[in-house]
Amino acid sequence: MITADKRLIVALDVNSLDKMKQMVNELGPSVNFYKVGMELFYSAGEQTVDFLRACDKEVFLDLKLHDIPNTVACSVAALTRLGASVISLHAAGGRSMLAAAAQAATEASASYGVPRPQLVAITALTSLDEVEWREIGGQLPISEQVVKLACLAQSAGIDGVVASPQEAPLIREKCGPEFLVITPGIRPRSAAANDQKRVATPADAIKAGASRLVVGRPITAAPSPVQAVEQIVKAIRGEE
């Protein structure tokens with residue numbers, strides 16, 4: 001079995017603790033980083049993170065926080081105690097919200113005695129194309145707006161962004177090599193795009209400058225999830 005690669009985050013898009021445990025147990029040591037999103041967290045709550053941490057797995061808690069600065073800061077503080085490695089919030093919340101969240105993460109990590117989670121700002125959902133982007137009022141092309149939000153997030157003390165692989169090179173150019181770029185919308189060449197619009201293969205996303213890749217259905221819905229992980233990790237490492 002291929003060794004786990006921290007650049008791969010497997011999305012646990014299921015609706016129960018039992019289904020989550022089944023997938024984590026099936027993948028075993030081939031994966032060490034998982035995404036807990038809204039569906040799973042709203043269904044099973046903090047137990048999801050507790051279980052993964054007990055299994056010595058890292059957690060991307062993808063709850064896409066978006067509210068007034070005080071509410072988001074308090075939410076980040078509450079979530080920090082769970083021990084997730086990464087927590088997401090929306091860049092569209094603005095500078096004050098982002099800065100308040102960054103400060104809350106730092107203070108809460110010291111208060112709870114846990115490592116400070118990295119905060120990543122959602123830029124533009126990978127399910128959006130240019131037509132839908134204009135429908136919701138986008139004035140700039142998606143790529144330009146994503147880079148603008150990335151620069152805003154970085155200046156407010158946020159550690160990185162979530163963006164499609166198509167914008168990763170532009171973000172890397174503007175925000176430097178240490179800025180975290182997490183890319184969903186990852187599809188191996190043989191996989192269906194489903195509801196994703198701005199997609200790339202694992203190898204192409206890494207070449208574009210992505211730090212970590214979030215992959216869900218191409219792994220969790222595969223006939224052999226372990227084999228699917230192995231193929232994606234080989235692509236990430238350039239071993240295809």
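Above this note sits the structure.
Treat the numbers as computed from the prediction; the structure is a model and nothing was measured.

**Quick notes on the side chain of arginine 172**
Residue position: arginine 172 is located in helix H8 (residues 168–175). Buried and unpaired, arginine 172 has glutamate 178 as its nearest opposite-charge partner, separated by 7.9 Å.

**Some points on the pattern of salt bridges**
Counting across every chain of the model gives 8 salt bridges. Across the pair aspartate 5 and arginine 237 runs a salt bridge whose closest N-O atoms are separated by 3.0 Å. Here the residue aspartate 5 occupies a position in the segment before strand E1 (8–11), and arginine 237 occupies one in the segment after helix H11 (225–236), the gap between them amounting to 232 residues. Judged by relative accessible area, which is 9%, aspartate 5 ranks as buried. With a relative accessible area of 28%, arginine 237 lands in the partly exposed category. Among the salt bridges present, the one from lysine 35 reaches aspartate 62, with a minimum N-O distance of 3.4 Å. With lysine 35 in strand E2 (residues 33–37) and aspartate 62 in strand E3 (residues 58–65), this pair connects stretches of sequence that are 27 residues apart. Residue lysine 35 shares its accessibility class with aspartate 62, and that shared class is buried.

**A closer look at the packing of helix H4 (residues 69–80) against helix H5 (residues 95–112)**
Remark: H4 packs on H5, axes separated minimally by 8 Å, with the N-to-C direction vectors making an angle of 30 degrees. Here H5 runs roughly parallel to H4, going by the angle between their axes. In the crossing of H4 with H5, the sense of the turn from one axis to the other is right-handed. Touching Pro69, Val72, Ala73, Val76, Ala77 and Thr80 of H4 are Ser96, Met97, Ala100, Ala101, Ala104, Ala105, Ala108, Ser109 and Tyr112, all from H5.

**A look at H5**
Counted at 1.5 Å a residue, the expected span for H5 with its 18 residues is 26 Å, and the 26 Å between its end C-alpha atoms agrees. For H5, the full list of buried residues reads Met97, Leu98, Ala101, Ala102, Ala104, Ala105, Ala108 and Ser109. Taken around the axis of H5, the buried residues stretch over an arc of 165 degrees, which confines them to a single face. Every exposed residue of H5 that faces more than 90 degrees away from the buried side is listed here: Ser96, Ala110 and Ser111. In the core, the buried residues of H5 are packed alongside E3, H4, strand E4 (86–90), strand E5 (118–122) and helix H7 (142–155).

**A closer look at the packing of helix H1 (residues 17–27) against helix H3 (residues 47–54)**
It is the contact of H1 with H3, at a shortest axis distance of 11 Å, that shows an interaxial angle of 20 degrees. By the angle between their axes, H1 is roughly parallel relative to H3. Crossing angle aside, the handedness with which H1 passes H3 is right-handed. Contacts between H1 and H3 involve Leu17, Met20, Lys21, Val24 and Asn25 on the former and, on the latter, Gln47, Thr48, Phe51 and Leu52. Looking at side-chain class alone, the contact of H1 with H3 contains 5 nonpolar, 3 polar and 1 charged residues.

About the cut-offs
- In every chain, residue numbers begin from 1 and rise along the written sequence.
- In keeping with the model being predicted, local features are shown solely for residues with a pLDDT of at least 70 and side-chain atom pairs are shown and tallied solely at 80 or more, while totals for entire chains, interfaces and linings include all residues.
- Think of the side-chain values as coming from all heavy atoms in the structure, minus any hydrogens and water.
- Per the convention used, a helix needs a DSSP run of H or I reaching at least four residues, while a strand needs a run of E reaching at least two, with both numbered from the N terminus.
- Each residue is placed in one exposure class: buried if its accessible area under a 1.4 Å probe, protein chains only, is under 20% of its type's maximum, exposed if it is over 50%, and partly exposed if it falls in between.
- Think of it this way: Lys and Arg go in the positive column, Asp and Glu in the negative one, and His and the chain ends go nowhere.
- Within this document, salt bridges are pairs made up of a side-chain nitrogen of Lys or Arg and a carboxyl oxygen of Asp or Glu, the two lying within 4 Å of each other.
- Axes here refer to lines fitted to C-alpha atoms; in helices the fit is confined to the stretch in contact. Angles between the N-to-C directions go from 0 to 180 degrees.
- Throughout, the term roughly parallel applies to angles under 35 degrees, roughly antiparallel to angles over 145, roughly perpendicular to angles from 65 to 115, and oblique to all others.
- Crossing handedness follows the turn of the near helix against the far one: under a right angle anticlockwise gives a left-handed crossing, and clockwise gives a right-handed one.
- Whether two residues touch is decided by their heavy atoms; if any such pair falls within 4.5 Å, the residues are in contact.
- A helix is expected to reach a length of 1.5 Å times the quantity of its residues less one.
- Here, the arc refers to the directions that run from the helix axis to the C-beta atoms.
- As a working rule, the residues Ala, Val, Leu, Ile, Met, Phe, Trp, Tyr, Cys and Pro are called nonpolar, Asp, Glu, Lys and Arg charged, and the rest polar, with Gly in that last group.

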